[in-house]
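Here is what each chain is made of, one letter per residue.
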Amino acid sequence: MIKAVIIDDEQHCTDRLASLLDRYCRQSISLEGSYGSVEEGLQGIAETQPDLVFLDIQLGELTGFDLLGRLPEIGFEVIFTTAYDSYAIKAFKFSAVDYLLKPIDPDDLLQAVGKLQKVMYTHELSAKFDTLLHNLKNGSGVSKRITIPTAKGLVFVPVSDIVRCEADINYTTVYLKDKQQIVVAKTLKEFEEMLSEHNFFRVHNSHLISLDHIKSYQKGKGGYVILDDNTPIEVSTRRKDLFLKRMEEM
């Protein structure tokens, strides 16, 4: 789902675009907010961290270009909205995905969103290829990385930095050795499939751990392990024998 905001100082234009997005793009775009000035827009961008900004070119005495110029970096795609076709060339110089002439036509909106999705997919695919090439160049060494998709983009994590993964229904929290936590909209099973060949073991229905980060094992019905970060993780009775066998093989 693409997170989007609208920045436009004409409320009727905002209302029309929001209505079109709800009617034609509900499955692909989530509208996180709308703002009526450069100042409000800058604050809204900081708060919502959008993937896409529908940006009006004329915003009172200022312009959408003024807004972009005040950002330290632009971490989102831009679709300009304007009533003036002469602004189009300048819009493309600012690397806009597209621009929409007011009043916005539904077909033009769908075309612009389709183009955006291709651009975002290309960026993601390129990043995944970068990671793949890195892994191929480094063989089977500890520098292997996996690509983790987050709400803000892609994070590239060395497998050796991952201590454990914990399930929460359809989400997984990845715990790194530097104490960082990354919440991902992927199931633990998907991480198990990615990491099992890198010395990870699913000790419990909710926990996948790196065997390289085990500090100790305490006996019990199933027992539990203490990891490098001092986190105790229960070993399920059903998985105990297989886990102990894996530990003996190390």
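Before any of the text, the structure's been laid out above.
What comes next is a walk through the structure. (Residues numbered from 1 in each chain as written. Predicted model: local features only at pLDDT ≥ 70, side-chain atom pairs only at ≥ 80, totals over all residues. Heavy atoms only, no water.)

So, on to the packing of aromatic side chains. Counted by the stated rule, this structure contains three aromatic pairs. Between F65 and F80, the ring centres sit 5.2 Å apart and the planes meet at 45°, which makes this aromatic pair tilted. Placement of the pair is F65 in helix α3 (residues 64–69) and F80 in strand β6 (residues 77–82), with a sequence separation of 15 residues. As far as burial versus exposure is concerned, F65 and F80 are alike and both buried. Their ring planes at 45° and their centres at 5.8 Å tell us that F201 and F243 sit as a pair that is tilted. Taken as a pair, F201 in strand β13 (residues 200–204) and F243 in helix α7 (residues 237–249) lie far apart in primary sequence, 42 residues in all. Its relative accessible area of 0% is what places F243 among the buried residues. Pairwise contacts between aromatic rings join F201, Y217 and F243 into one cluster. The ring of Y175 carries the charged tip of R164 above its face, separated from the ring centre by 3.7 Å. (Phe/Tyr/Trp six-rings, centres within 6.5 Å; stacked < 30°, edge-to-face > 60°. Helix = DSSP H or I, 4+ residues; strand = E, 2+ residues; numbered from the N terminus. Buried < 20%, exposed > 50% of the residue type's maximum accessible area, 1.4 Å probe, protein only. Lys NZ or Arg CZ within 6 Å of the ring centre and 35° of its normal.)

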